[in-house]
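# Analysis of the macromolecular model
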Amino acid sequence: MLKTLRAKILFYFLLVSLSGILIVSFSIQWGFEASFNHYLNEDRNERITQLIKALKLEYKENRTFTGERVTQLLYQQGTTDRLFYKIYTPDEILLIDSTSISEDPIPSDNEMRMNPYQDQEETWQTSSELIKVDGNTIGLLKVYYPKGFVDSESVFLQTIQKYIIIAVLITIVLALAFSMLFSKRLTSGLNSLSGAVEELTKHKQNVRVPLDNLSEEMKQLGVAFNELAMSLEKEERLRKEFTGDLAHELRTPLATLRSQIEAFQDGIWEPTPDRLQQSHSELMRLVRLVNELEKLLAAENPQIRLNKTELEADKMLSSIQQLQTPIFKEKGVSLIVHIPEEKIIFKGDFDKVTQILTNVVNNALKYTPEGGTVTISAIKDISMGGFRIKDEGIGIASQDLPHIFERFYRGDKSRARKTGGVGVGLSIVKALVEAHKGTITVESELDKGTTFTILFPLIEK
């Protein structure tokens, strides 16, 4: 029955609301009736006390109970308050009996004693009070009054009960209305998110969840979903771009190889060493492309194994300087290496760290024109240490800067194809750095150069 979240919220909200309403209404009803009954008993006792005082005063003045003052009180209380009395002498001789003015018959004392549970329209209750003056008993007062409430009291109590019932019904209607409203509002965010997920499963990746009317908890879920949708959209865009780039990179050498081989087969070309060398160059271009993709897959493998040892930044820089100096001289670019005076030691895989530095340094060399300078230095932070590679190259556009570590991303397609590669070099670098629990950041400005900062966790000594 309660299959949907909204139905469950509505049911439990109503259950709690109605339980509270019923408990409060019964508490008010019981408390008011008890308080009202206590008030009536107090009022009755005051009137009885008033009559006793009048009897004492009458006895002191006239030595009798039959004065006008007492008669008026007996009549007034009998007709308005339904309080009736029998007054006896100390010898239990009846002097005054006001029960005769009652419209309903009041049973005698003998009848009450013989049958205290008599079934009649009204059940009467009785009590006795001794009348004393100066310590001497001058009489006995027996009081008779109906059990429960008299007419006006019952009407008043019924009116209060009617108002309580009306208030309960109105509260129930409001609880039902607000429960439906709140349950709809509480589940609207989930319904919106559910609809967005359904749209996403249909490959509509531009779908987003509106965040304006969501609660804080649902807003966090909505933000996470929107980020996921944007990530999927970006991955799909990169996949399509990579497919196009890869197709282009493969098409060019394959078309060249095909034309050359067909020329050899048709006898148009003689297989001279120069022409075979051209075919071999195109073939090696394909090999480099496949190797680069394999490196990316290996670097992004979450189960990548690292042979970590203690590495010293100064020794790493000396090794990179020896490896890179010849190719820098060949292009006419200066390589400046700042060897640190203090020891900067971190734990890492020597081959992988060398690959990271080689890729970044080669990238700096590739985009630095002849006569420019590439500077490599070791740096140290509070708990991190590593390297900074700064070049004087063409720089990176601000709109491309956030995407340079994405797989297959290339800002300037034509320029990237001229310089070679399919845009996975920096992706490999980032994957290897993250495998070492390190960080890599980049700062760049067009026509002024680029600075890469690579940090690894230091070894605590």
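The coordinates are above.
All values reported here derive from a predicted model rather than from experimental measurement.

Attention now goes to the nonpolar core. Within the largest apolar cluster, 38 residues are counted, with the highest numbers of intra-cluster contacts made by V353, L357, F387, I389, F452 and I454. At the level of elements, helix 7 (313–331), strand 6 (334–338), helix 8 (350–367), strand 8 (373–380), strand 9 (384–391), helix 10 (425–435), strand 10 (439–445) and strand 11 (449–457) are the ones that each hand at least two residues to this core. In terms of residues, this core owes the most to one element, helix 8, which gives seven residues. Formed by 19 residues, the second largest nonpolar core is a distinct cluster that contains L55, V70, I87 and V143.

As for its position among the elements, P271 is in the loop between helix 5 (216–265) and helix 6 (273–299). Taking relative accessible area as the criterion, P271 reaches 48% and is therefore assigned partly exposed. When neighbours within four sequence positions are excluded, P271 is seen to be in contact with F264 and L276.

Here we come to the packing of helix 7 against helix 8. At their nearest, the axes of helix 7 and helix 8 sit 11 Å apart, and the two run at 30° to each other. In this view, helix 7 runs roughly parallel relative to helix 8, as classed from their interaxial angle. Viewed along their axes, helix 7 and helix 8 form a crossing whose handedness is right-handed. For the pair helix 7 and helix 8, contact is made by M316, S319, I320, L323, Q324, I327, F328 and K331 and by F350, V353, T354, L357, T358, V361, N362, L365, K366 and Y367, respectively. Looking at the contact of helix 7 with helix 8 residue by residue, the classes come out as eleven nonpolar, five polar and two charged.

A separate point is the packing of aromatic side chains. For the coordinates displayed, the defined rule picks out seven aromatic pairs. Between F36 and Y39 the ring centres are 6.4 Å apart and the planes differ by 25°, which places this aromatic pair in the stacked class. One end of the pair, F36, and the other, Y39, are both in helix 1 (residues 5–62), three residues apart, so they sit about a helical turn from each other. Looking at F36, the relative accessible area reads 11%, which means it is buried. Judged by centre distance (6.4 Å) and plane angle (80°), the rings of F405 and F452 are edge-to-face. Pair noted here: F405 is in the loop between strand 9 and helix 9 (413–419) and F452 is in strand 11, with a separation of 47 residues, a long-range link. In this pair, the class of F405 matches that of F452, namely buried. Aromatic rings pair up to connect F32, F36 and Y39 into one cluster. Positioned over the ring face of Y145 is R44, at 4.2 Å from the centre of the ring. The ring of F405 has K430 lying over it, and the distance from NZ or CZ to the ring centre is 5.3 Å.

Cut-off values and rules
- Residues numbered from 1 in each chain as written.
- Predicted model: local features only at pLDDT ≥ 70, side-chain atom pairs only at ≥ 80, totals over all residues.
- Heavy atoms only, no water.
- Core = buried A, V, L, I, M, F, W, Y, C linked by side-chain atoms within 4.5 Å.
- Buried < 20%, exposed > 50% of the residue type's maximum accessible area, 1.4 Å probe, protein only.
- Helix = DSSP H or I, 4+ residues; strand = E, 2+ residues; numbered from the N terminus.
- Contact = heavy atoms within 4.5 Å.
- Axes fitted to C-alpha atoms, helices over the stretch in contact; angles between N-to-C directions.
- Parallel < 35°, antiparallel > 145°, perpendicular 65-115°, else oblique.
- Left-handed = near helix turned anticlockwise from the far one by under 90°.
- Nonpolar A, V, L, I, M, F, W, Y, C, P; charged D, E, K, R; others polar.
- Phe/Tyr/Trp six-rings, centres within 6.5 Å; stacked < 30°, edge-to-face > 60°.
- Lys NZ or Arg CZ within 6 Å of the ring centre and 35° of its normal.

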